[in-house]
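Structural features, examined
Given next are the chains, with one letter for each unit.
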Amino acid sequence: MRAGIAYGSGRKRRGMQSSRIRRMRESQSGERGLFQQAYDEIRRRILSGELRPSSVLSEHQLAASLQLSRTPVREAIKRLEQEGLVQSLPNRGTFVTELSAHDILEIYQIRERLESLAARIAAEHMTPDEVRALEQEIALTQASIAEGCITDAFAADIRFHKLIIAVTQNERLSTVLATFDDQMYRVRALLTQSSERLQTSFDQHRAIVERIQAHDGPGAERVMEEHLRLTCEWAMRLTLPVRPRAQD
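Before going into details, it helps to say that this report is about the structure given with it. (Residues numbered from 1 in each chain as written. Predicted model: local features only at pLDDT ≥ 70, side-chain atom pairs only at ≥ 80, totals over all residues. Heavy atoms only, no water.)

1. Observations regarding the side chain of Thr97
With respect to the helices and strands, Thr97 occurs in the loop between β2 (93–96) and α4 (101–125). The class for Thr97 is buried, based on a relative accessible area of 17%. Here the side chain of Thr97 touches Val86 through a polar contact of 3.2 Å, landing on its backbone nitrogen. Beyond its immediate sequence surroundings of up to four residues, Thr97 is in contact with Pro53, Ser54, Gly84, Leu85, Val86, Gln87 and Arg186. (Helix = DSSP H or I, 4+ residues; strand = E, 2+ residues; numbered from the N terminus. Buried < 20%, exposed > 50% of the residue type's maximum accessible area, 1.4 Å probe, protein only. Polar contact = N/O pair within 3.5 Å; in protein donor to acceptor, adjacent residues only side chain to side chain. Contact = heavy atoms within 4.5 Å.)

Laid out in structure tokens, this is it:
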């Protein structure tokens, strides 16, 4: 009889312990979920340009706008700081990291070489269906420009470049270029200030596709390199301070 009681008590204790462990895991899972929610949204605002470079990040204001407590927001900011999107300065606060002209130059120096190579490979291997997919993105870009939907136009621009990179089937090339995705989103957020640049980019994309359709590898490489060089110069001008005109 005692043995039965002991056995029942032990089973009950194990059940209680199991319930506590489950509640702890659920609590931890909930905390991770809130952290991820805060991280994803703050990161999106930075990459989209909604939170501009050098703007102040207030834990209190972000927590209020996200309808979260300050703890997951604080942890999200720490992770974004590790990734270089956020910077904390002693006695000054926390800011969105600036994107300098030098940063843009470094990014495009690599993109010019690698994406130009990707365009050359694409011209040699791209199928008619893949070419039609590029043409569809160009058409979407043009329609978005005409309608004044700048965000949609730049989304089509991103897909255009990624389609060309994917065609290479070169995993190492794709991996290296993917490391610049966050920085490139920030550069594109700068470029959304100019519809003129969008139209120029559209014309250059059309020239790239024409070279790819003709299976002209060197030509596609040359046009892509020129396209990225001009984009780099445009973005750098947007980040440099405007100098006042000299008085006559």
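Continuing now.
2. Details of the pairing of strand β1 (residues 86–89)
Looking down a regular strand, the side chains alternate between one sheet face and the other. Where β1 lies against β2, four bridges are found, and the strand directions are antiparallel. Note on β2: the bridge partner recorded for Leu89 is Gly93. Between the end of β1 and the start of β2, which pair antiparallel, lie three residues, with Asn91 showing a positive phi angle near 65 degrees. (Pairing = 2+ DSSP bridges.)

3. Describing helix α6 (residues 150–167)
Between the first and last C-alpha of α6 there are 26 Å, a value that for 18 residues agrees with the 26 Å anticipated at 1.5 Å per step. The complete set of buried residues in α6 reads Ala153, Phe154, Ala156, Asp157, Ile158, Phe160, His161, Ile164, Ile165 and Val167. One or two residues past the end of α6 sits Gln169, with phi positive at roughly 55 degrees. (Expected span 1.5 Å × (residues − 1).)

4. Thoughts on the packing of helix α5 (residues 128–147) against α6
Viewed as axis vectors pointing N to C, α5 and α6 meet at an angle of 165 degrees, and their least axial separation amounts to 8 Å. Taken together, the axis directions place α5 and α6 in an arrangement best described as roughly antiparallel. When you trace α5 past α6, the crossing you get is left-handed. Residues Glu130, Ala133, Leu134, Glu137, Ile138, Leu140, Thr141, Ser144 and Ile145 of α5 pack against Asp152, Ala153, Ala156, Asp157, Arg159, Phe160, Leu163, Ile164 and Val167 of α6. The residue makeup of the contact of α5 with α6, split by class, is eleven nonpolar, two polar and five charged. (Axes fitted to C-alpha atoms, helices over the stretch in contact; angles between N-to-C directions. Parallel < 35°, antiparallel > 145°, perpendicular 65-115°, else oblique. Left-handed = near helix turned anticlockwise from the far one by under 90°. Nonpolar A, V, L, I, M, F, W, Y, C, P; charged D, E, K, R; others polar.)

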